[in-house]
Every structure is written in structure tokens, then in C-alpha cells.
Amino acid sequence: MHFHRRHGWEIPERDATPEQLFLNRRAFVAGAGSIAAMASAGLARAAEGTADPTAGLYPAKKNESFTLDRPLTPEAVTSKYNNFYEFGSSKSISAAAEALKPRPWSVKIDGLVEAPMTVDVDDLSRMMGLEERLYRHRCVEAWSMTIPWTGFPLKKLVEHAKPLSSAKFVRFETFMDPKTAPGQRQTWWPWPYVEGVTMAEATNDLALMVTGAYGKPLANAYGAPLRLHLPWKYGFKSIKSITKISFVAERPKGYWEALQASEYGFWANVNPAVSHPRWSQATEEVLGVGDRRPTLLYNGYGEQVASLYAGMEGQKIFF
Ligand SMILES: Nc1nc2c(c(=O)[nH]1)N[C@H]1C(S)=C(S)[C@@H](COP(=O)(O)O)O[C@H]1N2
Ligand SMILES: [Mo]
């Protein structure tokens, strides 16, 4: 007989979105008197200084097409182990990242588009509509986690931006504010953080613009209020706290590529068979588990993305 004993760190998938809560709240909202109740709850939040105009959009409905081969990583683990170099090079930046003010926040969309625009992040969430997806994340440093993100497909934003046919890449930029972000006072680093993808990658269904995690708006440490997640690529491609999205003809040079091109390339697709110059990528440490497991080609998302790289055998797509 097989017994499956649940470990403390495991969260059953069904708990990622408290569907019951979601449904109950719908019923509650439909009821008489609920508007007043919600307004007073909103006032209470405002008094605490945590008001978020899109908080009511969470938890978003789970998109069931994205399933996992492992348990979710607990929020207590992922919220305290981050890479966010704007706030320092240690993994313990969550307290420092509280200095970031994620609202009001606007995102500039420019470059090779019919008409450049600036959009408020909350208007963007409302316009695009939010959903929850369970995704694996693999950092180039050989650790991994599994997160319930909330957001919308990048391809929806691309459609909204109306890029010209001359646009070949999408370039993302993080905020630049050395007063808030002490890491940015280190002027020999190539700030602001930049990343880029091809148009084909940007319009692949997996590319997700993330506004929330664990059924709530994004905490600062994860890159509030808007970050990217590309689950088939090494984590450094998934840029945080985005303020600018540009459609361009030339391949953008990312932050890490600018810093150390011999170690961090443009494509950065996950591949256990291609080592980083200084370490193997064959296995990964699963955060919160204290164990290693084999790393999967394209982080297990080959079915969705391998076709993007057909005919590119001569290029360093795994680097
Ligand atoms: N602006 C910005 N984005 C960033 C980083 C960063 O330092 N700054 N680190 C990257 C790296 S290396 C990883 S692994 C992920 C980490 O995301 P998490 O802290 O939400 O786990 O964010 C990526 N996005
Ligand atoms: Mo990373």
C-alpha cells in the first residue's frame, strides 16, 4: 500500500485559489447591503495604508490548462528568497523592497507602435482581465520554485499596443530610482534592468504579465506592481517592476548580458545539458524542500515553446 504523507511545505493545488472564497464573494457582492460593507472594508484598508484599487480582482479564476508536476512552494518561502538586485544582491531583500511604492504606477508603451501610450497599471489589469496560472520557475543559479501567479498573457498587451510590422523584439525596462533602490546607487552596474524577447516569444501563450501571486496583488519583493514571467527561460529574463515596454527592431541587450555576456545570453532557454560556465544545470534545488531534482528541457514547457526555436540549431538558444 502507498501512503502519501503531506509535508509541511506542500500546498495542495486546490488551495492556490480559494475557489470557495471566490464563489462566496460573488454571492456576497450580489446580495443587498454588500456595497456598503465592501466600502467600509475598503476604508479600513485605506486607513492601514494598504489600499489597492484592484484588490477586488483577487483571487482571479484559475486557468486549469496549466498543471504542475510538483507541489506549490509555500508563500512563506518564496516571499523571503528573492533576486531583486535593485534592493541588494542578497536573497533577503523583502524588507528593503518595502521602500518601493507600487502605486500610482504607469507603464509607457512606445517604439514601433501605431501610437505610443502611457497606461495606469490598474487600468491595464481591468482592461486585460486577470487569471491565475500555476508555473514553475527555474533560476540560472540552479534553484527552482512553483508559484501561483495572477496576471494576463503578454500577447494580449501586444495586441493592444498595435505594433508595426517593423517591430521584431519587445524590450522591457524596470523603474530607475536610486533614492528608493540602494542597489541602483552602485553606478558601475548597468541600470536600469532591461530584458527582451522576440515577437514570437512575446506572443506565445505562456508569456505572462504578472500582477499578483498566491491569490493577492503582488508583494513588492516579487516585482510589484507588474513583472514578466517566462517559465521556459532562466529566471533573470523575467523582469520585475516594469515601467516601460518598447517595440524595437534591434535585439535588446539585457542587464545580465551587459554585465557578463560570456555567462548570460539573450535566449537563456532552460536546458539541463548545457552547463553555465561555472556550474552544472543538470539539477536544481527545489526551494523549501531541501532536495534536488533533475532539471527539464525548457523547464518542462517544450510542448508549448520548442517550435519557436525550430531551425535555430546553429544559435546558442540554451545560453
Ligand atoms: N528588475 C529586476 N528583475 C529581476 C531581477 C532583478 O534583480 N531585478 N532578478 C531576476 C532573477 S535572477 C530571478 S531568479 C527572478 C526572481 O523572482 P522572484 O524574486 O519573484 O523569485 O527575478 C528576475 N527579475
Ligand atoms: Mo535568477
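Think of each chain on its own: its residues are numbered from 1, step by step along the sequence as written. A letter from A marks each chain and a number from 1 marks each ligand, given out in the order of writing. Only residues with pLDDT of at least 70 are given local features in this predicted model, and only at 80 or more are side-chain atom pairs given and counted; all residues enter the totals for whole chains, interfaces and linings. Only hydrogens and water are set aside when side-chain values are computed; all heavy atoms of the structure are taken into account.

(A) Structural context of the packing of aromatic side chains. Aromatic contacts are taken between Phe, Tyr and Trp rings whose centres are within 6.5 Å, Trp giving its six-membered ring; a plane angle under 30 degrees counts as stacked, one over 60 as edge-to-face, and the others as tilted. Under the counting rule described, the total for this entry stands at 23 aromatic pairs. Note on Tyr255 and Trp256: the rings are 5.2 Å apart at their centroids and 85° apart in plane angle, and the pair reads as edge-to-face. By way of ring pairs, the aromatic residues Tyr85, Trp189, Trp191, Tyr193, Phe236, Tyr255, Trp256 and Tyr264 are connected into one cluster. Only when the NZ atom of a Lys or the CZ atom of an Arg is both within 6 Å of the ring centre and within 35 degrees of the ring normal do we say a charge sits over the ring. When the ring centre of Phe266 is taken as origin, the NZ or CZ atom of Lys237, which lies over that ring, is 4.3 Å away.

(B) Looking closely at the site of ligand 1. When we say a residue is near a molecule or strand, we mean one of its heavy atoms is within 4 Å of it. Taken together, 19 residues surround ligand 1, and among them Tyr85, Glu86, Met145, Ser238 and Lys240 come closest. Identification of polar contacts relies on pairs of N or O atoms within 3.5 Å, with a donor-acceptor requirement for protein atoms, meaning one able to donate a hydrogen and the other able to accept it, and with residues adjacent in sequence counted only if both atoms are side-chain atoms. Within the contact set of ligand 1, a nitrogen atom lies 3.0 Å away from a side-chain nitrogen or oxygen of Thr174. All accessibility values rest on the Shrake-Rupley procedure with a 1.4 Å probe; residue burial counts only the protein chains present in the view. Coverage of ligand 1 by the protein chains reaches 99% of its 540 Å² of free accessible surface. Gly counts as polar in this scheme, as do all residues outside two lists: the nonpolar Ala, Val, Leu, Ile, Met, Phe, Trp, Tyr, Cys and Pro, and the charged Asp, Glu, Lys and Arg. For the shell around ligand 1, a count of residues per class yields ten nonpolar, six polar and three charged.

(C) Representation of the packing of helix 4 (residues 121-128) against helix 5 (residues 154-161) within the structure. In the contact formed by helix 4 and helix 5, the axes pass within 11 Å of each other and the chain directions differ by 105°. Comparing their axes, helix 5 and helix 4 come out roughly perpendicular. Residue-level inspection shows Leu124, Met127 and Met128 of helix 4 in contact with helix 5, the latter providing Lys156, Leu157 and His160. For the contact of helix 4 with helix 5, the per-class residue count stands at four nonpolar, one polar and one charged. Think of each axis as a best-fit line through the C-alpha atoms, taken over the contacting stretch in the case of a helix, with angles from 0 to 180 degrees between the N-to-C directions. Working definition: helices are DSSP H or I runs of at least four residues, strands are E runs of at least two. Numbering for both runs from the N terminus. An angle below 35 degrees is read as roughly parallel, one above 145 as roughly antiparallel, one from 65 to 115 as roughly perpendicular, and any other as oblique. The contact rule is simple, with two residues in contact once any of their heavy atoms fall within 4.5 Å.

(D) Geometry of helix 4. When accessible area is computed with a 1.4 Å probe and restricted to protein chains, residues below 20% of their type maximum are described as buried, those above 50% as exposed, and intermediate ones as partly exposed. Listed as buried for helix 4 are Val121, Asp122, Leu124, Ser125 and Met128. What you see down the axis of helix 4 is that its buried residues fit within an arc of 155°, all on one side. Buried residues along helix 4 sit in contact with strand 2 (117-120), strand 4 (143-153), helix 5 and strand 7 (208-213). The residue sitting at the N-terminus of helix 4 and contributing the capping side-chain oxygen is Asp120; that oxygen lies 3.0 Å from the backbone nitrogen of Asp122. Directions pointing from the helix axis toward each C-beta atom define the arc.

(E) Highlighting the nonpolar core. For the purposes of this section, nonpolar cores are sets of buried Ala, Val, Leu, Ile, Met, Phe, Trp, Tyr and Cys residues that join through side-chain atoms within 4.5 Å. Ranked by internal contacts, the top residues of the largest apolar core, which has 78 residues, are Trp149, Leu154, Phe172, Met209, Trp232, Ile245 and Phe247. Ranked by the residues each element gives to this core, the list is headed by strand 4, at five residues. Residues within four places of Trp149 in sequence aside, it is in contact with Glu131, Glu132, Arg133, Tyr135, Leu208, Val210, Gly212, Ala213, Leu218, Tyr222, Arg227 and His229.

(F) Up close: the pairing of strand 4. Counting buried positions over the eleven residues of strand 4 gives eleven, a clear majority of the element. Strands are treated as partners if at least two bridges between them are detected by DSSP. Pairing between strand 3 (residues 131-138) and strand 4: eight bridges, direction antiparallel. Paired with Glu131 across the bridge in strand 4 is Gly151. Connecting strand 3 to the next strand, strand 4, in antiparallel fashion are four residues, including Ala142 with a positive phi near 75°. Pairing between strand 4 and strand 11 (residues 283-286): two bridges, direction parallel. What sits directly across from Trp143, in strand 11, is Glu285.

(G) Expanded view of helix 5. Of the positions making up helix 5, those classed as buried are Leu154, Leu157, Val158 and Ala161. All buried residues of helix 5 fall inside an arc of 105° around its axis, so they share one side.

(H) A look at empty space enclosed by the protein. Here a cavity denotes a set of grid points, spaced 1 Å apart and computed over the protein atoms alone, in which a 1.4 Å probe fits but from which it cannot get out, and a pocket denotes an open set meeting protein on both sides within 12 Å along at least five of seven lines; residues with an atom within 4 Å of a point are reported as lining. Grid points are joined across faces, edges and corners, and a volume is the space filled by probe spheres set on the points. For the structure on display, the rule yields one cavity of 30 Å³ or more. Considered as a void within the structure, the largest cavity measures approximately 90 Å³ in volume. When the residues that make up the lining of the largest cavity are grouped by side-chain class, the tally is eight nonpolar, three polar and one charged.

(I) Molecular detail of the environment of Asp69. Along the chain, Asp69 turns up in the loop between helix 2 (34-48) and helix 3 (75-78). Assessed through its relative accessible area of 37%, Asp69 is described here as partly exposed. Considering only alpha carbons, one finds Asp69 and Thr146, 77 residues apart in sequence, at a separation of 9.6 Å. What Asp69 contacts, discounting residues up to four positions off in sequence, is Arg136, Arg293 and Leu296. Side-chain polar atoms of Asp69 contact the side chain of Arg70, separated by 2.8 Å.

(J) Region of interest: the sheet that holds strand 5 (residues 169-174). Taken together, five strands build an open sheet; the order of strands is 2-1-10-5-6 and the sheet is mixed. Each having just a single partner strand, strand 2 and strand 6 (194-198) make up the two edges of the open sheet. In this sheet, neighbouring strand axes are inclined to one another by 20° on average, regardless of whether the strands run parallel or antiparallel. Of the pairings in the sheet, the one linking strand 5 to strand 6 comprises five bridges and is antiparallel in character. Paired with Phe169 across the two strands is Thr198, which belongs to strand 6. Against the sheet, helix 5 makes contact with strand 1 (106-111), strand 2, strand 5 and strand 10 (242-248), and its axis sits at roughly 65° relative to strand 10, the strand it touches most.

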